[in-house]
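Fold and geometry: a report
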Amino acid sequence: GLKALKPTARELERGLKLHADSLVFDAYGFAPRAALDHEALRQALDAGASDAELQELREEMGMVRCAADPAERAEFETAWRAAGVTCIFQNAGEEGQDPVRLLARLARFTYVTDALRAFVSRAAAPDDVEASKKAGTHCLYLTGNGVPLNQRWATTEDELKHVRVFFQLGIRMMHLTYNRRNMLGDGCGESADGGISDLGRAAITEMNRAGVIVDVAHSGWRTSLEAAKASARPMVASHTAAAAVHRHIRGKPDDVVKAIADTGGYVGVCCIPSFLNGGIT
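Described in the following lines is the structure provided in the data block. What you see is a predicted model, and the numbers here were worked out from it, not measured in a lab. Residue positions within a chain follow its written sequence, with the count starting from 1. Selection of residues for local features in this predicted model requires a pLDDT of at least 70, selection of side-chain atom pairs for listing and counting requires 80 or more, and totals for whole chains, interfaces and linings are taken over all residues. As a rule here, side-chain values cover all heavy atoms of the structure and leave hydrogens and water aside.

Glancing now at the packing of aromatic side chains. Aromatic pairs are defined between Phe, Tyr and Trp rings, using the six-membered ring for Trp, whenever the two ring centres lie within 6.5 Å; interplanar angles under 30 degrees are classed as stacked, those over 60 as edge-to-face, and all others as tilted. Taken as a whole, this structure holds six aromatic pairs when the rule is applied. Here the aromatic rings of phenylalanine 76 and tryptophan 80 are separated by 6.4 Å at their centres, their planes lie at 70°, and the arrangement is edge-to-face. Of this pair, phenylalanine 76 and tryptophan 80 both sit in helix α5 (residues 70-83), four residues apart, roughly one helical turn. Across this residue pair, the class does not change: phenylalanine 76 and tryptophan 80 are buried. Site record: aromatic cluster; members linked through ring pairs are Phe25, Phe89 and Tyr141. Here a helix means four or more residues in a row that DSSP labels H or I, a strand means two or more in a row labelled E, and each is numbered from the N terminus. Only protein chains enter the accessibility calculation, which uses a 1.4 Å probe; a residue whose area is less than 20% of its type maximum is buried, one above 50% is exposed, and one in between is partly exposed.

Structural data, given as structure tokens:
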């Protein structure tokens with residue numbers, strides 16, 4: 001970035017001070033991850049652990065070793081300070097609608113913020129983020145990668161009852177879909193681009209009621225547009241790109257961008273090169 005911008009020493013100093021003085025909120029991201037304990041992984045492999053068990057162990061290590069290992073904690077804190085970020089809208093879910101699957105990752109970030117609360121806490125309201133900045137600490141605002149569905153398909157009310165439960169557990173934003181089609185609508189990877197379902201509209205209504213932000217970052221273009229028109233509260237595409245600049249399934253066309261903005265929400269730019277025509281210029 002510095003090579004491209006070529007700031008003067010005075011500009012760089014001013015920019016760094018502005019960043020340090022500001023409340024910086026990452027609209028969708030990941031807290032620093034810990035290194036893996038390769039010896040523990042080798043022992044698990046030698047003991048016959050399955051691929052699923054090894055994946056679970058790797059995820060557990062990356063997400064929670066900062067709370068248990070002094071060296072990893074030191075690196076964790078150094079990374080936060082170097083970034084100058086006050087709060088991260090932390091992905092604390094996993095792709096899908098299974099409540100138990102979503103709970104596993106949420107539990108890990110609950111554990112970390114409980115263990116390291118003097119340094120990084122779990123924010124439940126916007127005032128918590130401002131308080132964290134004033135205190136010189138950091139916080140996580142939690143988001144899930146899917147709307148938790150009961151998956152019994154009895155009644156709409158029964159199907160969506162976990163939305164409020166997950167709000168009470170600290171989740172403040174949920175992906176309506178994740179790349180592929182689900183019972184709520186079409187993801188961005190579906191060529192049909194069929195829009196949201198009746199259950200999807202009901203889910204948006206329930207999310208609005210509970211206080212959970214609707215996120216269409218991974219939703220199809222029609223799904224995103226219809227969700228924006230259905231939402232009575234601000235909703236977002238937390239990490240996306242402008243399809244008018246570079247056509248990509250993870251981008252959003254201008255009418256979708258405008259519809260999201262019209263809700264009072266925001267469209268966040270995801271700096272993945274392939275979403276941006278191969279680079280950032």
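Another point: the nonpolar core. Within soluble globular proteins, side chains that are nonpolar generally end up buried alongside one another. Put simply, buried Ala, Val, Leu, Ile, Met, Phe, Trp, Tyr and Cys residues joined by side-chain atoms within 4.5 Å make one nonpolar core. Phe76, Trp80, Leu140, Met174 and Val216 are the most contacted members of the largest nonpolar core, which totals 45 residues. At five residues, the largest contribution of residues to this core is made by helix α10 (residues 198-210). In this structure, methionine 174 is in contact with Thr143, Gly144, Gly146, Val147, Pro148, Val163, Phe166, Met207, Val212, Ile213, Val214 and Asp215, ignoring residues within four places of it in sequence. Counting residues in hydrophobic clusters, the runner-up holds nine residues, among them Tyr28, Val129, Cys139 and Met173. Residue contacts are defined here by distance: any two heavy atoms, one from each residue, within 4.5 Å place the two residues in contact.

The next thing to look at is the packing of helix α4 (residues 51-68) against helix α6 (residues 99-115). Axis geometry follows a simple rule: fit a line to the C-alpha atoms, using only the stretch in contact for helices, then measure angles between N-to-C directions, giving values from 0 to 180 degrees. Running from N to C, α4 and α6 cross one another at 20°; their axes reach a closest spacing of 8 Å. Our classification of the angle between α4 and α6 gives roughly parallel. In the packing of α4 onto α6, the handedness of the crossing is right-handed. Here Glu56, Glu59, Glu60, Met63, Val64, Cys66 and Ala67 of α4 come into contact with α6, specifically with Arg105, Arg108, Phe109, Tyr111, Val112 and Ala115. Three classes are used: nonpolar for Ala, Val, Leu, Ile, Met, Phe, Trp, Tyr, Cys and Pro, charged for Asp, Glu, Lys and Arg, and polar for all others, with Gly counted as polar. Its residues placed into classes, the contact of α4 with α6 shows eight nonpolar, no polar and five charged. Throughout, the term roughly parallel applies to angles under 35 degrees, roughly antiparallel to angles over 145, roughly perpendicular to angles from 65 to 115, and oblique to all others. Here a crossing is taken to be left-handed if its near helix is turned anticlockwise relative to the far helix by less than a right angle, and right-handed if that turn runs clockwise.

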